[in-house]
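Residue strings, one per chain:
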Amino acid sequence: MFVTVVHLFLILVYNSIKWNGRSMFKFKNISKEYKGHFWEKKFVALDNVSLSVDEGEVVGFLGANGAGKTTSIKIIMNFISPTSGEIVFDKKLGNNTVERFSNIGFFPERPYFYPHLTGREFIGYLGQLNKVERSLIEKRLAFWAEKLRLTFALDRKIRSYSKGMLQRLGFISANIHDPKLIVLDEPLSGLDPVGRKEFKDTLKYLSENGKTIFFSSHIVSDIEEVCKKVIVLESGKLMYQGSISELIEKDSHTYLTIRVKINEQPAKDLYLKSQIFDQSQGIYEYEVEKRLQDKFLTEILKLGGNILFLGVINPTLEEIIYKIKN
Ligand SMILES: Nc1ncnc2c1ncn2[C@@H]1O[C@H](COP(=O)(O)OP(=O)(O)OP(=O)(O)O)[C@@H](O)[C@H]1O
Ligand SMILES: [Mg+2]
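Residues numbered from 1 in each chain as written. Chains lettered and ligands numbered in written order. Predicted model: local features only at pLDDT ≥ 70, side-chain atom pairs only at ≥ 80, totals over all residues. Heavy atoms only, no water.

Once that is clear, we can look at the packing of helix α5 (residues 134-147) against helix α6 (residues 163-175). When two helices pack together, their arrangement is given by the angle between the helix axes and the distance between those axes. Their axes nearest at 10 Å, the elements α5 and α6 cross at an angle of 140°. Considering their axes alone, α5 and α6 lie oblique with respect to each other. Here α5 and α6 pass one another in a crossing that is right-handed. Of the residues in α6, those touching α5 at R140, L141, W144 and A145 are F171, I172 and N175. Of the residues in the contact of α5 with α6, the class split is 5 nonpolar, 1 polar and 1 charged. (Axes fitted to C-alpha atoms, helices over the stretch in contact; angles between N-to-C directions. Helix = DSSP H or I, 4+ residues; strand = E, 2+ residues; numbered from the N terminus. Parallel < 35°, antiparallel > 145°, perpendicular 65-115°, else oblique. Left-handed = near helix turned anticlockwise from the far one by under 90°. Contact = heavy atoms within 4.5 Å. Nonpolar A, V, L, I, M, F, W, Y, C, P; charged D, E, K, R; others polar.)

In the vicinity of ligand 1 lie 13 residues, with G66, K69, T70, T71 and E109 positioned nearest. Contact distances for ligand 1 include 2.7 Å between an oxygen atom and a backbone N or O atom of G66. G68 places a main-chain nitrogen or oxygen 2.9 Å from an oxygen atom of ligand 1. Protein coverage of the free-state accessible area of ligand 1, which is 640 Å², stands at 64%. Counting residues per element, the ones that place at least two in the shell around ligand 1 are β2 (43-54) and α2 (69-76). The biggest single contributor to the shell around ligand 1 is α2, with 3 residues. (Near = heavy atom within 4 Å. Polar contact = N/O pair within 3.5 Å; in protein donor to acceptor, adjacent residues only side chain to side chain. Areas by Shrake-Rupley, 256 points an atom, 1.4 Å probe, with all protein chains shown as cover.)

Within strand β12 (residues 283-289), 6 of the 7 residues are buried, which leaves it mostly tucked inside the rest of the structure. Judged from the 7 bridges that link them, strand β10 (residues 255-261) and β12 form a sheet pairing that is antiparallel. Looking at β12, one finds that Y255 is bridged to E289. Bridge analysis of strand β11 (residues 273-278) against β12 gives 5 bridges, and the strand direction is antiparallel. Note that in β12 the partner of Q275 across the bridge is E285. Where β11 folds back on β12, the antiparallel hairpin that results is connected by 4 residues, among which G282 adopts a positive phi of roughly 70°. (Buried < 20%, exposed > 50% of the residue type's maximum accessible area, 1.4 Å probe, protein only. Pairing = 2+ DSSP bridges.)

Let us look at the layout of surface pockets. Considering only enclosed or pocket space, the largest pocket measures out at about 510 Å³ in volume. Residue lining of the largest pocket: 22 residues in total, with F101, F106, L126, N130 and S173 positioned closest to the centre. If you list the elements that add at least two residues to the lining of the largest pocket, you get α3 (97-101), β5 (104-107), α4 (119-129) and α6. It is α4 that provides the largest number of residues to the lining of the largest pocket, a total of 4 residues. (1 Å grid on protein atoms, 1.4 Å probe; cavity = no way out; pocket = protein on both sides within 12 Å on 5 of 7 lines; lining within 4 Å. Points joined across faces, edges and corners; volume = space filled by probe spheres on them.)

Spelled out as structure tokens, the structure:
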């Protein structure tokens, strides 16, 4: 009997250590209803959502327009309160909203910048608001501006900044107080391919330096490149949380493009589509379901074909959500 009580106690202690030590924040059955005028129907933006983001993770927050991503992020930032349920933060982030603010870096969906300030003045102002020492602000600003190629513009008025430059400045402002948790609402939107790559590299850099990152997007491949874990919302409901590779692998919609130089066509049931890539050379391109990949390649080799290219086509957000539902 005594052994069982001790055993139970140890399990309780272990679970509380595990919980306090690992999870940066947790949603426990959170719902959010938006109310308009009294004659309007309530709108349920989040419906009983439970999720968890562990310390040191980079978690992608995936969902179509209107899925409830920004609503969730506003709840994390305490800009709005849930209608029911609760959010629990790790003690590491502080004991109240004010303390937590100094440990969370936030990049909003629609950031606002004071146009009459220069980039340097703006970051200096935010750093001071966050009680960061002047010398440290300068040091961090120099580091981030160099990394994000914004040094040249720091002494220009913000009103002259391009969209990509504003994104970079917003990102620096989210990091000027060296936060433990970084929450970003669509940080890659509106960036060109080079900008996207730089941002993704920066997120990887932050993650390697032990930061916890939670960022929303509706682009599966962006999230796949940076995150191991993904949380998927649809119409306010949690659809999935877990490994992104498992989610993508699970998806039978994942298919391959295989380019082959061949004289004879493989059996039709081994591929979804075929098209001539280069008629004069006898090169064809096939779209093949992942589950049939081995059979298809064996058939090609049997027919004496030469495999020139094999690429994986990732499923889109719509395909992933369709798959989870069915
Ligand atoms: N203040 C509000 N009042 C009423 N409805 C709202 C309010 N804010 C958001 N909503 C509704 O809640 C739903 C979720 O909105 P939210 O902004 O969280 O979506 P999102 O996933 O961030 O979408 P997007 O990808 O377009 O940014 C939407 O249908 C939206 O119209
Ligand atoms: Mg949004």
